[in-house]
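Residues per chain, in single letters:
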Amino acid sequence: MAGDAESELVARAQAGDHRAFAALVRQYQDRVFRFILRLTGTRDEAMDLTQETFMKAHQALPGWRPEAQFRTWLFRIAHNAALDVLRRRQHVEFVSFADLPAGAEEHALPDPARQPDERLADRQSVELLERTLRELPAEHREILLLRELEEMSYTEIAATLGIAEGTVKSRIARARSAALAGYQRHTGEHRDE
Amino acid sequence: MNEQSTAMHAPDLPELSAYLDGELDAGERGRVAIHLAACPTCAACLADLQALSAGFRALPEETLGFDLAGVIEGRLAAAPRPASARRRRDWWAGLPVAVGAAASIAAGVFMGSALVTGSVATAPRMAALHVFDTMPPGSLCIGLESCYAKGGVK
Ligand SMILES: [Zn+2]
């Protein structure tokens, strides 16, 4: 949806036009659902949280301003909702949401001897990749979802997560490094050097 | 000089990753490109990152499976107190932050009870709404500065 048309819809929704808000929901419902589902992992819960996200968004509409991108604003609400659920499940990795200390900032380059590109294409690889994604710490999973699935820019991701763009850059790199390591570990279980 | 600059500008992973995402400025991008042309190790690393990215984008896309928009529209229409944007804005403007947060909780609880038509889902849903309760006021989306793109969006 073009930015102008969308802002117009949001403005109408703000003025109390339920139909305009429903159009926004229709535009984003599957994407928000997908994001929450991959974060929380359970379909029923993700359906509830998706609905809750849109109700909260409607409630918060008076605070929306035309400078805001509706998508990042909406995903921030979805992020908060999912984060809360994960916290209550005592997902420790989400409680310590801050970035790792300085010593952990070193990024090991993935082993170039491996060739995941040849393997990612087939179906088995998709399953391994799903598994890899599920096993990542939530903050890594989340930032990869925003980047790879939502195709957000670093600026948009920073706005969605409420972090600095420099943090986005380093966290994405760390997440990719962890994902590659996880994926290579899974595929490596069946192949020795 | 060429060899020296190639060695000097070996990109780290965040740089390669940002290169893949098209998030480097022209100067950085040029330096990384020059290095990649001369360094098979970094080129292989970039290929890994590209493959990973392609893999994620190829993952099956789940869908909700029903028209949530219609459900939401029905719920909004059925709400006893139609949301008047102006009135709501006045509320928030006039209240200190802590009271605003409390109002959120109240609205959330109302939302929760309106949601539930006698199902088991009550408890988790109500609990989920405590998000307003446990988060510092700065985390509320209403009026939060970081919710707004600060220009320069590609
Ligand atoms: Zn190199």
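Residues numbered from 1 in each chain as written. Chains lettered and ligands numbered in written order. Predicted model: local features only at pLDDT ≥ 70, side-chain atom pairs only at ≥ 80, totals over all residues. Heavy atoms only, no water.

(A) Up close: the overall build of chain B. Check the secondary structure of chain B and you find nine helices and zero strands. The buried share of chain B, taken over its 154 residues, is 40%. For chain B, contacts bridging at least 24 residues in sequence account for 48% of all contacts bridging at least 6. (Helix = DSSP H or I, 4+ residues; strand = E, 2+ residues; numbered from the N terminus. Buried < 20%, exposed > 50% of the residue type's maximum accessible area, 1.4 Å probe, protein only. Contact = heavy atoms within 4.5 Å.)

(B) The packing of helix H2 (residues 18-40) of chain A against helix H3 (residues 43-60) of chain A, seen in detail. All names here are of chain A. Look at H2 against H3: their axes get within 8 Å of each other, and the N-to-C directions meet at 140°. For the element pair H2 / H3, the angle class is oblique. H3 is crossed by H2, and the crossing has right-handed handedness. Touching His 18, Phe 21, Val 25, Tyr 28, Gln 29, Val 32, Phe 33, Ile 36, Leu 37 and Thr 40 of H2 are Arg 43, Glu 45, Ala 46, Met 47, Leu 49, Thr 50, Thr 53, Phe 54, Ala 57 and His 58, all from H3. Tallied by class, the residues present in the contact of H2 with H3 amount to twelve nonpolar, six polar and two charged. (Axes fitted to C-alpha atoms, helices over the stretch in contact; angles between N-to-C directions. Parallel < 35°, antiparallel > 145°, perpendicular 65-115°, else oblique. Left-handed = near helix turned anticlockwise from the far one by under 90°. Nonpolar A, V, L, I, M, F, W, Y, C, P; charged D, E, K, R; others polar.)

(C) Summary view of the pattern of salt bridges. Evaluation of the coordinates by the stated rule reveals 20 salt bridges over all chains. In this structure, Asp 17 of chain A and Arg 12 of chain A form a salt bridge, with 3.2 Å as the shortest nitrogen-oxygen distance. Owing to a relative accessible area of 26%, Asp 17 of chain A belongs among the partly exposed residues under this scheme. You can call Arg 12 of chain A partly exposed: its relative accessible area is 37%. For Glu 150 of chain A, the salt bridge goes to Arg 71 of chain A, with nearest N and O atoms at 2.9 Å. Placement of Glu 150 of chain A in the loop between helix H8 (138-149) and helix H9 (154-161) and of Arg 71 of chain A in helix H4 (residues 70-88) is noted, with a sequence separation of 79 residues between them. Of the two residues, Glu 150 of chain A and Arg 71 of chain A, both sit in the buried class. Within this structure, Arg 147, Glu 148, Glu 151 and Arg 176 of chain A together with Asp 21 and Arg 57 of chain B form a network of salt bridges that share partners. (Salt bridge = Lys/Arg side-chain N within 4 Å of Asp/Glu carboxyl O.)

(D) Structural detail: the side chain of Glu 15 of chain B. Along the polypeptide, Glu 15 of chain B turns up in helix H2 (residues 13-20). One buried charge, Glu 15 of chain B, has no salt-bridge partner; the nearest side chain with opposite charge is Arg 31 of chain B, at 5.3 Å. Look past the residues within four positions of Glu 15 of chain B in its chain and what remains in contact with it is Lys 169 of chain A together with Leu 24 and Val 32 of chain B. (Lys, Arg positive; Asp, Glu negative; His and termini not counted.)

(E) Layout of the packing of aromatic side chains. Scanning all chains against the criterion turns up three aromatic pairs over all chains. Members of the aromatic cluster, each reached through a chain of ring pairs, are Tyr 28, Phe 70 and Trp 73 of chain A. (Phe/Tyr/Trp six-rings, centres within 6.5 Å; stacked < 30°, edge-to-face > 60°.)

(F) Representation of unusual backbone geometry within the structure. Even without being glycine, Glu 151 of chain A reaches a positive phi, approximately 55°. Structurally, the position occupied by Glu 151 of chain A is in the loop between H8 and H9.

(G) Structural context of H4 of chain A. With 19 residues, H4 of chain A extends 27 Å from end C-alpha to end C-alpha; this agrees with the ideal 27 Å at 1.5 Å per step. Most of H4 of chain A is tucked away: 17 of the 19 residues are buried. (Expected span 1.5 Å × (residues − 1).)

(H) A look at the packing of helix H1 (residues 3-14) of chain A against H2 of chain A. Residues and elements named next belong to chain A. Orientation of H1 relative to H2, taken along the N-to-C sense of each, is 135°, at an axis distance of 7 Å. When the interaxial angle is binned, H1 and H2 end up oblique. For the crossing formed where H1 meets H2, the hand is left-handed. Listed contacts from H2 to Glu 6, Leu 9, Val 10, Arg 12 and Ala 13 of H1 are Ala 20, Phe 21, Ala 23, Leu 24 and Tyr 28.

(I) Just the environment of Cys 42 of chain B, in detail. All names here are of chain B. Residue position: Cys 42 is located in helix H4 (residues 40-57). Given the relative accessible area of 5%, Cys 42 is considered buried. Sequence spacing of Cys 42 and Asp 12 is 30 residues, and the spatial spacing of their C-alpha atoms is 8.9 Å. Residues within four places of Cys 42 in sequence aside, it is in contact with Pro 11, Leu 16, His 35 and Leu 36.

(J) The arrangement of the confidence of the model for chain A in detail. Averaged over chain A, the pLDDT score is 85; the fraction of residues at 70 or greater is 80%. Across residues 94-112 of chain A, confidence stays below pLDDT 50; counting only partners more than four residues off in sequence or on other chains, it has 41 contacts. (pLDDT = per-residue confidence, 0-100.)

(K) View of H2 of chain B. Within H2 of chain B, six of the eight residues are buried, which leaves it mostly tucked inside the rest of the structure. When H2 of chain B is considered as a whole, its buried residues turn out to be Leu 13, Pro 14, Glu 15, Leu 16, Ser 17 and Ala 18 of chain B. Contact partners of the buried residues in H2 of chain B: H9 and helix H10 (165-188) of chain A together with helix H3 (26-38) and H4 of chain B. The backbone nitrogen of Glu 15 of chain B lies 3.0 Å from a side-chain oxygen of the residue at the head of H2 of chain B, namely Asp 12 of chain B. A positive phi of about 65° marks Gly 22 of chain B, the residue just after H2 of chain B. (Polar contact = N/O pair within 3.5 Å; in protein donor to acceptor, adjacent residues only side chain to side chain.)

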